[in-house]
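Listed below are the residues making up each chain.
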Amino acid sequence: MKYGIYYAYWEKEWEANYVNYTDRVARLGFDILEVGAKPLADYTVAQIKELRDSAKAAGIELTAGYGPSFDHNMGSSDPAIRAGATEWFKRLFDVMGQLDIHAIGGALYSYWPIDFSKPVYKEEDWKYSVEGTQILSELAAPYDITLNMEVLNRFENHILNTAEEGIQFVKEVGKDNVKVMLDTFHMNIEETSISEAIRSAGSLLGHFHTGECNRKVPGQGRMAWREIGEALRAIGYNGSVVMEPFVNRGGQVERDIHIWHDMKPNITQEQLDKDAHDALLFQKFMFEETM
């Protein structure tokens, strides 16, 4: 397995200069830096070169994550929104190809966060989402990009809430470059058994996010990490394990993730780094060491 971390662990806003993190995550021992996809579609030639060269020099692999905005919803019932989203994703995938990014995960079948003040129709939205994801898969294929459909908890999306639904959705899409993405934080809310959810995904599991039930780094909560590691080994998972903790107060990240109390009062950048490094070692022990 390769281990990574999401850039927003250190940020209060979603947009950031990802070049600032390539050396940092390498120094902390990670293999992967996961970046936010939204700004990439508008990157200049100079920005693409800078990030690509920075990652290469640090020996860091880049992956991307995205919770599509409302106007990037490939699962929309509005043909105009789907058409606009299609053109945007074309630009994104071209830039990802130039950056040597071959995996993107998130609610790519929908938009995030869902506006639940408006009616939602799961069956109808599911149908449009399958069709939209099939279009995305064809756009991504020339760049050897895998689309990982993230299963989210009921408070953030209504389409894919369980591993079972993620598996069914991916099978309906029926494309080799569309996989299931599981996240321990969301599974902690929705799954009866996290280990069984992982085992059920099997070879369809394309990307794996980790974080505690309280959104802190792995090892600072009550998740059953040994059990999770056993399940990953049981299915022979050798893909990416990307840590996605959120502990910083302030900014749009706080508002979207709903961080309403001080999870790490007065935490310094040095302590954030130490926690991430310690959590990486903890995960490797739990996921790779047999007792």
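Whatever comes next refers back to the structure up there.
Peer 1: Where do I start with the overall build of the protein in this structure?
Peer 2: Across its full length, the protein holds ten helices and eight strands. For a compact globule of 291 residues, the expected C-alpha radius of gyration is about 19 Å, and the protein comes in at 18 Å, within 12% of that figure. Expressed as a percentage of the 291 residues in the protein, the buried residues total 57%. A fraction of 78% describes how many contacts in the protein between residues 6 or more apart in sequence connect residues 24 or more apart. Accessible area for the protein stands at about 12,500 Å²; split by element, carbon and sulfur atoms hold 49% of it.

Peer 1: Looking at this structure, I do not really get the sheet that holds strand β4 (residues 103–106). What am I missing?
Peer 2: Through backbone hydrogen bonds, the strands of a sheet pair up, either in parallel or in antiparallel fashion. Pairing is parallel around the closed barrel formed by eight strands, whose spatial order is β1-β2-β3-β4-β5-β6-β7-β8. Ignoring which end each strand starts from, the neighbouring axes of this sheet average 30° apart. Alignment of strand β3 (residues 61–65) against β4, held across two bridges, turns out to be parallel. Paired with Gly65 across the strands is Gly105, a residue of β4.

Peer 1: Explain the pairing of strand β6 (residues 178–183) here, please?
Peer 2: Regular strands place side chains that alternate from one sheet face to the opposite one. Burial analysis of β6 places five of its six residues in the buried class, the great majority of the element. Two elements, strand β5 (residues 146–150) and β6, share four bridges in a ladder whose sense is parallel. Within β6, the residue paired with Met149 across the bridge is Val180. For the crossover that starts at β5, traverses helix α5 (residues 163–173) and ends in the parallel β6, the hand is right-handed. Of the pairings in the sheet, the one linking β6 to strand β7 (residues 205–210) comprises four bridges and is parallel in character. Bridge pairing in β7 places Val180 opposite Leu205.

Peer 1: For this particular structure, what's the right way to read the packing of helix α1 (residues 19–27) against helix α2 (residues 45–58)?
Peer 2: In a packed pair of helices, the relevant descriptors are the angle between the two axes and the axis-to-axis distance. Between α1 and α2, the shortest axis-to-axis distance is 9 Å and the interhelical angle comes to 10°. As far as their axial angle goes, α2 and α1 are roughly parallel. Contacts from Val19, Thr22, Asp23 and Ala26 of α1 reach α2 at Glu50, Leu51, Ser54, Ala55 and Ala58. Its residues assigned to classes, the contact of α1 with α2 shows five nonpolar, two polar and two charged.

Peer 1: In this structure, what is going on with the packing of helix α7 (residues 194–201) against helix α8 (residues 225–234)? I would like to understand it.
Peer 2: Between α7 and α8, the shortest axis-to-axis distance is 9 Å and the interhelical angle comes to 15°. Considering their axes alone, α7 and α8 lie roughly parallel with respect to each other. Note that α7 runs across α8; the crossing there is right-handed. On α8, the residues that touch Ile194, Ser195, Ile198 and Arg199 of α7 are Glu227, Ile228, Glu230, Ala231, Leu232 and Ala234. When grouped by side-chain class, the residues that make up the contact of α7 with α8 number six nonpolar, one polar and three charged.

Peer 1: Explain the side chain of Asn157 to me, please; I cannot follow it from the model alone.
Peer 2: Relative to the assigned elements, Asn157 resides in the loop between β5 and α5. Judged by its relative accessible area of 0%, Asn157 falls in the buried class. Beyond its immediate stretch of four places on either side in the chain, Asn157 contacts Tyr109, Ser110, Tyr111, Ile114, Phe116 and Leu152.

Peer 1: Honestly, the pattern of salt bridges in this entry has me stumped. Any pointers?
Peer 2: Pairing between side chains becomes possible if they bear opposite charge and their charged atoms approach one another. Tallied over the full model, the rule gives 19 salt bridges. Residue Lys90 is joined to Glu87 by a salt bridge in which the shortest nitrogen-to-oxygen separation is 3.1 Å. Of this pair, Lys90 and Glu87 both sit in helix α3 (residues 79–98), three residues apart, which is roughly one turn of the helix. Residue classification places Lys90 among the partly exposed positions, given a relative accessible area of 37%. For Arg249, the salt bridge is made with Asp262, and the minimal N-O distance between the two is 3.4 Å. Remark: Asp262 occurs in the loop between α9 (251–257) and α10 (269–288) and Arg249 occurs in the loop between β8 (240–243) and α9; sequence separation between them is 13 residues.

The rules we used
- Residues numbered from 1 in each chain as written.
- Predicted model: local features only at pLDDT ≥ 70, side-chain atom pairs only at ≥ 80, totals over all residues.
- Heavy atoms only, no water.
- Helix = DSSP H or I, 4+ residues; strand = E, 2+ residues; numbered from the N terminus.
- Rg over C-alpha atoms; globule rule 2.2 N^0.38 Å.
- Buried < 20%, exposed > 50% of the residue type's maximum accessible area, 1.4 Å probe, protein only.
- Contact = heavy atoms within 4.5 Å.
- Areas by Shrake-Rupley, 256 points an atom, 1.4 Å probe, with all protein chains shown as cover.
- Pairing = 2+ DSSP bridges.
- Axes fitted to C-alpha atoms, helices over the stretch in contact; angles between N-to-C directions.
- Right-handed = clockwise from strand over helix to strand, strands pointing away.
- Parallel < 35°, antiparallel > 145°, perpendicular 65-115°, else oblique.
- Nonpolar A, V, L, I, M, F, W, Y, C, P; charged D, E, K, R; others polar.
- Left-handed = near helix turned anticlockwise from the far one by under 90°.
- Salt bridge = Lys/Arg side-chain N within 4 Å of Asp/Glu carboxyl O.

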